[in-house]
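Read off the chains here:
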Amino acid sequence: MLDVRHLSINFSTRRGTVKALDRIDLQIVPGEIVGLVGESGSGKSVLSYAISGLLDSSARVASGEICWHGNVIGTIRERRATRAAIAQIFQNPRASLNPIMTIRRQLADVAGEGQVSALLESVRIDPGRGNHYPFELSGGQCQRVGIALALGCEPELLIADEPTTGLDVTTEAAIMTLIRDLSVRRGMATLLVTHNLALAAVHCDRIVVMHAGQIVECAPAARLAYTPMHPYADQLLASVPQHSATADDLRTVPGLLPDLAGPLPPCRFASRCSRHQIDCDEAPPPLVALAPAHFVACRHPLC
Amino acid sequence: MLSVSQLSKSYKGRGWRANAVAAVENVDFELAKGGSLGVVGESGSGKSTLARMISRLVDVTSGRIVFEDADISAISPSAFVHRPERRKIQHVFQDTGENLTPHLTARAAVADPIRRLVGITDEEEIRAKVDALAASVALSPDLLGRYPHQLSGGQKARVGIARALASNPDLLILDEPTAALDVSVQAAILKLLHRLRSEFGLAYLFISHDIEVVRLMCDNVIIMRLGRVVEQGPTRQIFENPQSDYGRTLLAAVPRLKAKAGVAGEVIA
Amino acid sequence: MQLTATLQDGLRRDPLTAITMGIIGFICVVALVGPILATYDPLATDPSSALRPPSWQHLCGTDHVGRDICTRIIYATRLDLFIAVLAVTLALIIGSLIGSVAGFFGGFVDRIAMWIIDTIMAFPLFLLAMGIVAALGNSLENIVYATAIVNVPFYARTVRAEMKQRREMGFVEAARVSGNGPFRILAVHLFPTAVPQLMIQVTLTMGWAMLNAAALSFIGLGIRPPTPEWGIMVAEGASFIITGEWWVALFPGLTLVLVVLSLNLVGDGLRDVLDARERR
């Protein structure tokens, strides 16, 4: 359904050319929930915006393409005709709603007046609240309205960009369950972009881990949680508090993210990697399947 | 060292709305010298208000705060600035982008409490102290000349911690010090905080919405909801056997990395 | 400092602002060294060469008593610039004080301060300036005071808004915890954050201050002839337009327009650069 092939995107900025994405390969089939996990600077947001066609004019596709149902689509802002089937929900729920319009009006804009009540019910908001304004709703409720707005387009692919950051953990659980249920019921695929590994592990079928614009590992959620093979994925998991018994057990990822505007080695994790060897600098590591459905981009993976 | 009894804070209702809003209600706890107490709660639980009351940034409506045998709850925030206790209770703020004065360098930010609270005026001495503090928070010295907008989230967090340690405090109140940081940076800062606690003999009052972070950092925990304490006790006990409904709900809602069977682990073709 | 870096960068991208800054710079140079280079005596009358049109000898022509207009314009630059800068500086100091205290402390202090500011702003500002000069007497000093008083509200409001916006921010509380009393917080931590907005206000109101001084002189309050000043020169030349001697009023008027326009454009340009940075 969605096929990102060898996509590389650069941004031209004052500091130079920022090589934000490097040869990304990603496929999403209908009905699956894919988690796109990475820290800030990993390129996960750039990738999600590229798929939605929301990148601004300073972005340049250096190579590769995005295919939707076999047709190539552009990544820069363009007419939405080809993209009616891709919807997005954003990180700050309040910021994505128009503060001076009632939620009923906003939903009607997207889905038509008749659908409003049905949409509100599907996100478990009492339709009677349709005449409220965003400021009268809690953060969790605003996010649910955001989801309703996205669903109003009857999308085939929902891109959820950090949908629960900043929300309480109990609200987060409710929102994620809602997204999962809707995915299953409508046969909708979801791309969950998040920096919260645990969240992805619980709610996604498959997780893609990114570092500095490159995909480093791609595996079913349980396999990644128990047996990560890329050194970065492994250290990332070890730095999650849940994973450790005491603070001394916490592991950190050494070094800093490389400067994406400067010269970059073929494997962008090389300078931070304890398993780095000479052959890592020769060419970019290919994404190979080391186990069923488990892909790793590393010449010296764990195990 | 710190004993809090029946501490409450309510805000007067404004205008025609007569009801007062109780942000914090009747909180009791004790913190020993060198101990660590975590305060967990969701938004609106009152944990930040509690922290700011103990730091004496906010007035107390009722109740007592006894710090080293002195009742400090009656002292107003403006008066507290000049008290000797000010340098013993320090605060690390929630790491939004605005905890450091934008037009002061990192060095100036850390030097500020040295000048104001410790009273050192000799420039050389101040410089040496700032360098020593930067070393103890693993902040590279060449970063000290930078402005906040030139520093990364983790670096700003370290500057904030160095600033808090400058006056050699006994109690450090940490209000969500790692909430906005990436998980690997958070791990580094948490390890740093853990080390500093034993190195300097500090007591921590650690506020967080992330119960797992509190589990790692604190010996004891209180769980707050809507301004009240719902459960409190040793961390291990609360995690293994939460007594309150809310405590159980909170722990159950946290997404578990090693997922329960049947939830997400099955491979889809 | 970070501010100058942003400014340099912004100016590189916006040539209009750079050009207008250049014009302002040129005017300042003229004010400083012009009188030394001018060839005629601005006050020397020479009835035999009265009302001569522009020529190589007199670039802007002569006025009704034979004085070289170009020289007078150069000398007037110094005076007008002096009045505007002095008035704005005075207004800046007073306005900043009022605004900081009102914005930071709030409550009763804020109400009193805003009452004063609102009272000033309730009057059409030029009429108020006229009234002040008329009441205090016609002198250079009083023009400066009148212009300053009338500009105080702009700066006070700007600073007050900036203080109110930032006084709840983390770094202010951190400064309290570090042992700073309220006045030190205001002076060291908070007030400098208002400087960018103040700079914008200063450039925007400087042009107005200049117009104010020229207008007061135009109607006969303030500067008296024969002192060269743009407003007076326009007033003197106004009656000659009908009889065809257009240059007496035009050149001083044009200079005034050019300077005020440049100041306003610089202010706009500065605001674009600095606002973009804040929005970032």
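Since we're looking at a predicted model, the values are computed, not measured.

Caption draft 1: Structural context of the interface of chain C and chain B. Of the residues lining the interface, 17 residues belong to chain C; the matching set on chain B comes to 24 residues. Of all the secondary-structure elements, those providing two or more residues to the side of chain C that touches chain B are helix H7 (170–177) and helix H8 (182–190) of chain C.

Caption draft 2: Expanded view of the sheet that holds strand S7 (residues 157–161) of chain A. Residues and elements named next belong to chain A. Spatially, the eight strands line up as an open sheet ordered S6-S7-S8-S3-S9-S10-S12-S11, and their pairing is mixed. Strands at the two margins of the open sheet, each flanked by one partner only, are strand S6 (86–89) and strand S11 (288–291). Here the average twist between neighbouring strands, direction ignored, is 25 degrees. As paired strands, strand S3 (residues 33–37) and strand S9 (residues 206–211) are joined by four bridges and run parallel to one another. Within S9, the position partnered with Gly35 by the bridge is Ile207.

Caption draft 3: Quick look at the sheet that holds strand S2 (residues 21–31) of chain B. Residue and element names in this part refer to chain B. Read across the open sheet, the four strands follow the order S2-S1-S4-S5; overall the sheet is antiparallel. The outermost strands of the open sheet, each flanked by one partner alone, are S2 and strand S5 (70–71). Where strand S1 (residues 2–11) and strand S4 (residues 62–67) come together, five bridges link them in antiparallel fashion. Note on S4: the bridge partner recorded for Leu2 is Phe67. Contacting S1, S2 and S4, helix H1 (residues 47–54) crosses the sheet at an angle of about 60 degrees to S2.

Caption draft 4: View of unusual backbone geometry. All names here are of chain A. Phi is positive for His6, close to 50 degrees, though the residue is something other than glycine. Its location among the elements puts His6 in strand S1 (residues 2–13). Judged by the 11 C-beta atoms lying within 10 Å of it, His6 falls in the exposed class.

Caption draft 5: Summary view of the interface of chain A and chain B. Each partner contributes residues to the interface: chain A has 36 residues there, and chain B has 29 residues. Elements that contribute at least two residues to the side of chain A that touches chain B include exactly helix H5 (169–186), helix H6 (197–203) and helix H7 (221–226) of chain A. With six residues, H6(A) is the single largest residue contributor to the side of chain A that touches chain B. In terms of residue class, the side of chain A that touches chain B is built from 20 nonpolar, ten polar and six charged.

Caption draft 6: Region of the structure containing the pairing of strand S8 (residues 203–208) of chain B. Residue and element names in this part refer to chain B. In terms of burial, S8 is largely enclosed, as six of its six residues are buried. The pairing of strand S3 (residues 36–41) with S8 spans five bridges and is classified as parallel. Of the residues in S8, the one forming a bridge with Gly38 is Phe206. Examined bridge by bridge, strand S7 (residues 171–175) and S8 share five bridges and lie parallel to one another. Note on S8: the bridge partner recorded for Asp175 is Ile207. Assessed by its sense of winding, the connection that carries the chain from S7 through helix H6 (residues 183–200) to S8 is right-handed.

Caption draft 7: Summary view of the nonpolar core. Residues A:Leu197, A:Ile207, B:Ala162, B:Leu205, B:Phe206 and B:Met217 are the most contacted members of the largest nonpolar core, which totals 235 residues. For this core, the element with the most residues is helix H3 (residues 69–105) of chain C, which contributes 17 residues. When residues are assigned to domains, this core turns out to be shared by domain 1 (2–88 + 171–253) and domain 2 (97–168) of chain B, each giving three or more. Other than its neighbours up to four places away in sequence, B:Met217 contacts A:Ala247, B:Ser36, B:Gly38, B:Leu190, B:Leu193, B:His194, B:Tyr204 and B:Phe206.

Caption draft 8: Layout of helix H8 (residues 231–238) of chain A. Most of H8(A) is tucked away: seven of the eight residues are buried. For H8(A), the complete set of buried residues consists of A:Pro231, A:Tyr232, A:Ala233, A:Asp234, A:Gln235, A:Leu236 and A:Leu237. The secondary structure elements touched by the buried residues of H8(A) are H6, S9, strand S10 (214–220) and H7 of chain A together with H6 of chain B.

Caption draft 9: Summary view of H3(C). All names here are of chain C. Here H3 contains 37 residues, and its C-alpha end-to-end distance of 53 Å stays within 8% of the 54 Å for a straight helix at 1.5 Å per residue. Here H3 lies mainly inside the structure; 26 of its 37 residues are buried. Just past H3, the residue Gly106 takes up positive phi, approximately 65 degrees.

Caption draft 10: Here's a closer look at the confidence of the model for chain C. Residues and elements named next belong to chain C. Summary statistics for chain C give a mean pLDDT of 84 and a share of 93% for residues scoring 70 or more. Looking over chain C, one finds the lowest element-wise mean pLDDT in helix H1 (residues 2–13), namely 64, and the highest in helix H4 (residues 107–122), namely 92. Overall fold confidence for the complex sits at a pTM of 0.83, while the interface term, ipTM, reaches 0.84.

So, how was this worked out
- Residues numbered from 1 in each chain as written.
- Chains lettered and ligands numbered in written order.
- Predicted model: local features only at pLDDT ≥ 70, side-chain atom pairs only at ≥ 80, totals over all residues.
- Contact = placed C-beta atoms within 7 Å.
- Helix = DSSP H or I, 4+ residues; strand = E, 2+ residues; numbered from the N terminus.
- Pairing = 2+ DSSP bridges.
- Axes fitted to C-alpha atoms, helices over the stretch in contact; angles between N-to-C directions.
- Buried ≥ 20, exposed ≤ 12 C-beta atoms within 10 Å, placed from the backbone.
- Nonpolar A, V, L, I, M, F, W, Y, C, P; charged D, E, K, R; others polar.
- Right-handed = clockwise from strand over helix to strand, strands pointing away.
- Core = buried A, V, L, I, M, F, W, Y, C linked by C-beta atoms within 7 Å.
- Domains from an automatic or database assignment.
- Expected span 1.5 Å × (residues − 1).
- pLDDT = per-residue confidence, 0-100.

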